[in-house]
Amino acid sequence: MELKDMLYEGKAKQVFLTEDPERVVVRYKDTATAFNNIKKATIVGKGKVTSAISALLYDFLSKAGVKTHFEELLDECDQVCRRVKVIPLEVVVRNTIAGSMAQRLGLEEGTKPENVIYDLFYKSDELGDPLMNDHHAVAMKLVTYEELQVIYELAGRIDSLLLDLFRRAGIHLVDFKMEFGRTAEGEIILADELSPDTCRLWDIETGEKLDKDRFRRDLGHVREAYEEILHRLQKVINQ
Ligand code: UDP
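Residues numbered from 1 in each chain as written. Predicted model: local features only at pLDDT ≥ 70, side-chain atom pairs only at ≥ 80, totals over all residues. Heavy atoms only, no water.

This part covers the site of the ligand. The immediate surroundings of the ligand are formed by 16 residues, with Arg94, Ser100, Asp175, Arg200 and Arg216 found nearest. Note that an oxygen atom of the ligand is positioned 2.8 Å from one of the side-chain N or O atoms of Arg94. Here an oxygen atom of the ligand and a backbone polar atom of Thr198 are 3.4 Å apart. For the ligand, whose free accessible area comes to 500 Å², the fraction covered by protein is 79%. Those elements that provide at least two residues to the shell around the ligand are strand E9 (89-94), helix H2 (99-105), strand E12 (171-182) and strand E14 (199-203). Tallied by class, residues from the shell around the ligand come to five nonpolar, three polar and eight charged. (Near = heavy atom within 4 Å. Polar contact = N/O pair within 3.5 Å; in protein donor to acceptor, adjacent residues only side chain to side chain. Areas by Shrake-Rupley, 256 points an atom, 1.4 Å probe, with all protein chains shown as cover. Helix = DSSP H or I, 4+ residues; strand = E, 2+ residues; numbered from the N terminus. Nonpolar A, V, L, I, M, F, W, Y, C, P; charged D, E, K, R; others polar.)

Shown next, in the form of structure tokens:
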């Protein structure tokens, strides 16, 4: 597949046009950023691990009937994906309280909530991705209420599938972030990335953090933790 102009460059990925107007190539980079780009680093080899994990999870979800933008790996860091219009919302699902929710509401990290929690953040670097609610998203014409219903249903299904997959790998899926896109036909499908850069993943036995919090909180061994996630997932998938 021939790569054409770069359509977009984000903090951890580049997106290239291809000769096929329906397809783009998403390249996973070795850069790590946190706190709205204030903390930055290059972690050599991260791109190929996050790409491999994302591809594995997208394959797993597709086989379970969830539509995603992922089609195939072109090489280690490059993925052929369906071209979609990404909805500028970060949809976060929380099975356990951590991160910004713990801070905002003064809750202890690791608290198990009564219910699964869904958060919406408005994707805007200038505004620092503020938390918003359904009514804000509809008022800003980002989505309709009907589309939000589809998104929450998909998010809940994806959460159940991933919780179980990670559990089989000895990992607790604490929380994760998704982005959704609209196809040319207007269908809403899962897009962007699913990896330890976008999920919180704790070892079930030891509680060890195996995700981007290692980078955010200077815990070290970021790439090694991501590789551990990949190997455990590969083992479970190949069983
Ligand atoms: N997340 C992400 N991108 C973002 C913000 C959050 O992938 O721009 C992920 C994050 O890794 C975690 C989940 O979404 O798995 C919830 O993040 P939270 O709201 O707790 O924010 P953070 O701790 O990243 O400030």
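Once you've had a look at it, read on.
Turning our eyes to something else, we now look at the pairing of strand E7 (residues 78-82). With four of five residues buried, E7 is to be regarded as a mostly interior element. Where strand E3 (residues 23-28) and E7 come together, five bridges link them in antiparallel fashion. If you follow Val26 over to E7, its bridge partner there is Gln79. Pairing of strand E6 (residues 70-75) with E7 involves four bridges; the strand directions are antiparallel. Following the sheet pairing, Leu73 is matched in E7 by Gln79. Following E6, the chain reverses through two residues before pairing antiparallel with E7. (Buried < 20%, exposed > 50% of the residue type's maximum accessible area, 1.4 Å probe, protein only. Pairing = 2+ DSSP bridges.)

This brings us to the sheet that holds strand E1 (residues 3-9). Taking strand neighbours across the sheet as the criterion, the five strands line up as E1-E2-E3-E7-E6 in an open arrangement whose pairing is antiparallel. At either end of the open sheet lies a strand with only one pairing partner, and these are E1 and E6. Each neighbouring strand pair of the sheet contributes to a mean axis angle of 30 degrees, computed without reference to strand direction. In this structure, E1 lies alongside strand E2 (residues 13-18), joined through four bridges in antiparallel fashion. Across the sheet, Tyr8 pairs through a bridge with Val15, a residue of E2. The strands touched by helix H1 (residues 46-63) are E3, E6 and E7; relative to E6, the strand with the most contacts, the crossing angle is about 150 degrees. (Axes fitted to C-alpha atoms, helices over the stretch in contact; angles between N-to-C directions. Contact = heavy atoms within 4.5 Å.)

This part takes up the side chain of Asp213. Tracing the sequence through the fold places Asp213 in helix H5 (residues 213-216). You can call Asp213 buried: its relative accessible area is 1%. At a separation of 2.6 Å, a polar atom in the side chain of Asp213 contacts the side chain of Arg216. Filtering out sequence-adjacent residues up to four positions away, Asp213 remains in contact with Arg200, Asp218 and Leu219.

A positive phi angle, near 55 degrees, is found at Asn36, a position not held by glycine. Exposure remark for Asn36: the relative accessible area of 38% places this residue in the partly exposed category. Here the phi dihedral of Lys141 falls at roughly 60 degrees; this positive angle occurs in a residue that is not glycine. Mapped onto the elements, Lys141 comes out in the loop between helix H3 (134-139) and helix H4 (145-168). What makes Lys141 exposed here is its relative accessible area of 75%.

Relative to the helices and strands, Ser62 is located in helix H1. Counting along the chain gives 148 residues from Ser62 to Leu210, while the straight-line C-alpha distance between them is 24 Å.

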